[in-house]
Amino acid sequence: MRLVTVQTEQGPRACGEFEGQYVDLNSADPVLPSTVKGLLTLGAEGLRRAAGALVAGERTYDPARATLLAPVPDPAKIVCLGLNYRDHAAESGMAVPTEPILFSKYATTLIGHGAPIVLPPQSTEVDYEAELVVVIGVGGRDIPRDRAMGHVAGYAVGHDVSARDWQLNKPGKQWMAGKTFDTFAPVGPCLVTADEVLDPQALGIRLRLNGRTMQDSNTNQLVFPVDETVSYLSGIFTLEPGDLIFTGTPPGVGMARKPPVWLQPGDIVEVEIDGLGTLRNPVIRR
Ligand code: MN
């Protein structure tokens, strides 16, 4: 199943894709919540019920005209891994990590497919990063690695937009600030449930800037795979339904190029992951 959040006059609405339309789940079955996070709190039973409701849904939105938010626009946590592809660590001049390198974003960074990435006036070095995003379903604490995949509801395409001048050149290296300007976390277009993803460590992942391929790799290059990451994070904090985990980016980012490449107003960035779709966002200046 493919879940999206559509912005409507009634606010954000959880929908599922069915026969080329977005079907409003709550209107199809009033037991189902109106948000994707609410749906995920119902666990596997909620997803089964949603899949059944798609068939009967009458309130639909046309994907060609709908305004999409991030599939989960209101997560309690957005956790990100740095340097989680071996080759990207090398191009960044840093060692391959022996433990996950963690930082976070806020819900205010999230935008959906089609929405603009807004370049802030405080940065001249805004970079792109294609990423696989893991969406937590059933929450938990101290989840053993061999049970971690049971806590994953699904996956989405993500983009970890990064202001390198803040991340790397400010006193103390301000990773948090460089990663958290508004609109710096496009996610979407949809959440693909885990049953449709045979192996999250075997997905081609690419990023195109104005049609030119800048990143082209595979999630089989992840240093810390999904199950190990979920288990590790759950030892630090309680994972909750709808939490997002950005799993790091492959090589080819703009800062590693000679000369470096920074996002410019008018650019179009597309991130594509096999089986999950293509996330496309224009770039504007505030
Ligand atoms: Mn990243």
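Digging into the side chain of Asn281
Next up, step 1: Along the chain, the position of Asn281 falls in strand β20 (residues 277–285).
Next up, step 2: For Asn281, a relative accessible area of 0% gives the class buried.
Next up, step 3: There is a polar contact of 2.9 Å between the side chain of Asn281 and the backbone oxygen of Gly112.
Next up, step 4: At 2.7 Å, the side chain of Asn281 and the backbone oxygen of Ala115 are in polar contact.

Focus on the coordination of the manganese ion
Next up, step 1: Those protein atoms acting as donors to the manganese ion are Glu129 (OE), Glu131 (OE) and Asp160 (OD), and they sit at 2.0 to 2.1 Å.
Next up, step 2: Taken in sequence order, the residues that donate to the manganese ion follow the motif E-x1-E-x28-D.

Here we look at the side chain of Thr180
Next up, step 1: Within the element layout of this structure, Thr180 appears in the loop between α6 (175–178) and β14 (185–186).
Next up, step 2: A relative accessible area of 13% means that Thr180 is categorised as buried.
Next up, step 3: Not counting residues up to four positions away in its chain, the partners in contact with Thr180 are Ser104, Lys105, Tyr106 and Thr109.

Describing the environment of Val283
Next up, step 1: Of note, Val283 is situated in strand β20.
Next up, step 2: In sequence terms Val283 and Pro265 are 18 residues apart; their C-alpha atoms lie 5.1 Å from each other.
Next up, step 3: Not counting chain neighbours up to four residues away, the residues in contact with Val283 comprise Ile117, Leu119, Leu263, Gln264, Pro265, Gly266, Asp267 and Val269.

Comments concerning the packing of aromatic side chains
Next up, step 1: If you walk through the whole model with that rule in mind, you get three aromatic pairs.
Next up, step 2: Summarising the aromatic geometry, the rings of Trp166 and Phe181 are spaced 5.5 Å apart at their centres and angled 85 degrees between planes, so their arrangement reads as edge-to-face. Of the two residues, Trp166 sits in helix α5 (residues 164–169) while Phe181 sits in the loop between α6 and β14, which places them 15 residues apart along the sequence.
Next up, step 3: Seen from their ring centres, Phe181 and Phe184 are 5.4 Å apart, and the 55 degrees between their planes marks the pair as tilted.

So, the pairing of strand β6 (residues 78–82)
Next up, step 1: For β6, the tally of buried residues reaches five of five residues, placing the bulk of the element in the interior.
Next up, step 2: Relative to strand β7 (residues 101–105), β6 runs antiparallel, the two being bridged by five bridges. Each residue of the ladder has a partner; that of Ile78, found in β7, is Lys105.
Next up, step 3: Relative to strand β18 (residues 244–246), β6 runs parallel, the two being bridged by three bridges. In the strand pairing of β18, Ile78 is matched with Leu244.

A closer look at the state of the cysteines
Next up, step 1: Considering all chains together, one arrives at zero disulfides under this definition.
Next up, step 2: Cys80 takes part in no disulfide bond, and the closest cysteine sulfur, belonging to Cys190, lies 20 Å away.
Next up, step 3: Its sulfur unpaired, Cys190 is 12 Å from the next cysteine sulfur, which belongs to Cys15.

Things to note about the nonpolar core
Next up, step 1: Of all hydrophobic cores here, the largest spans 51 residues; its most connected members are Tyr155, Val230, Leu263 and Leu276.
Next up, step 2: For this core, the leading source of residues is strand β11 (residues 130–136), giving four residues.
Next up, step 3: In contact with Val230, not counting residues within four places along its chain, are Ile136, Ile143, Ala148, Val152, Leu239 and Ile245.
Next up, step 4: Counting residues in hydrophobic clusters, the runner-up holds 28 residues, among them Ala14, Ala185, Val187 and Phe246.

Let's talk about unusual backbone geometry
Next up, step 1: Following Gly188, the chain continues into Pro189 via a peptide bond in cis, with omega recorded as 0 degrees.
Next up, step 2: Mapped onto the fold, Pro189 is located in the loop between β14 and β15 (191–193).
Next up, step 3: Of note, the amide linkage connecting Lys258 to Pro259 takes the cis form, showing an omega dihedral of -5 degrees.
Next up, step 4: Even without glycine at this site, Leu83 takes up a positive phi of about 55 degrees.
Next up, step 5: Counting through the fold element by element, Leu83 comes out in the loop between β6 and α4 (86–91).
Next up, step 6: The class for Leu83 is buried, based on a relative accessible area of 8%.
Next up, step 7: A positive phi angle, close to 50 degrees, is found at Asn210, a residue other than glycine.
Next up, step 8: Take Asn210: it is sitting in the loop between β16 (204–209) and β17 (212–218).
Next up, step 9: Note on Asn210: relative accessible area 46%, which makes it partly exposed.

Conventions used here
- Residues numbered from 1 in each chain as written.
- Predicted model: local features only at pLDDT ≥ 70, side-chain atom pairs only at ≥ 80, totals over all residues.
- Heavy atoms only, no water.
- Helix = DSSP H or I, 4+ residues; strand = E, 2+ residues; numbered from the N terminus.
- Buried < 20%, exposed > 50% of the residue type's maximum accessible area, 1.4 Å probe, protein only.
- Polar contact = N/O pair within 3.5 Å; in protein donor to acceptor, adjacent residues only side chain to side chain.
- Donors = N, O, S within 2.8 Å, 3.2 Å for Na, K, Ca; no water.
- Contact = heavy atoms within 4.5 Å.
- Phe/Tyr/Trp six-rings, centres within 6.5 Å; stacked < 30°, edge-to-face > 60°.
- Pairing = 2+ DSSP bridges.
- Disulfide = S-S within 2.5 Å.
- Core = buried A, V, L, I, M, F, W, Y, C linked by side-chain atoms within 4.5 Å.

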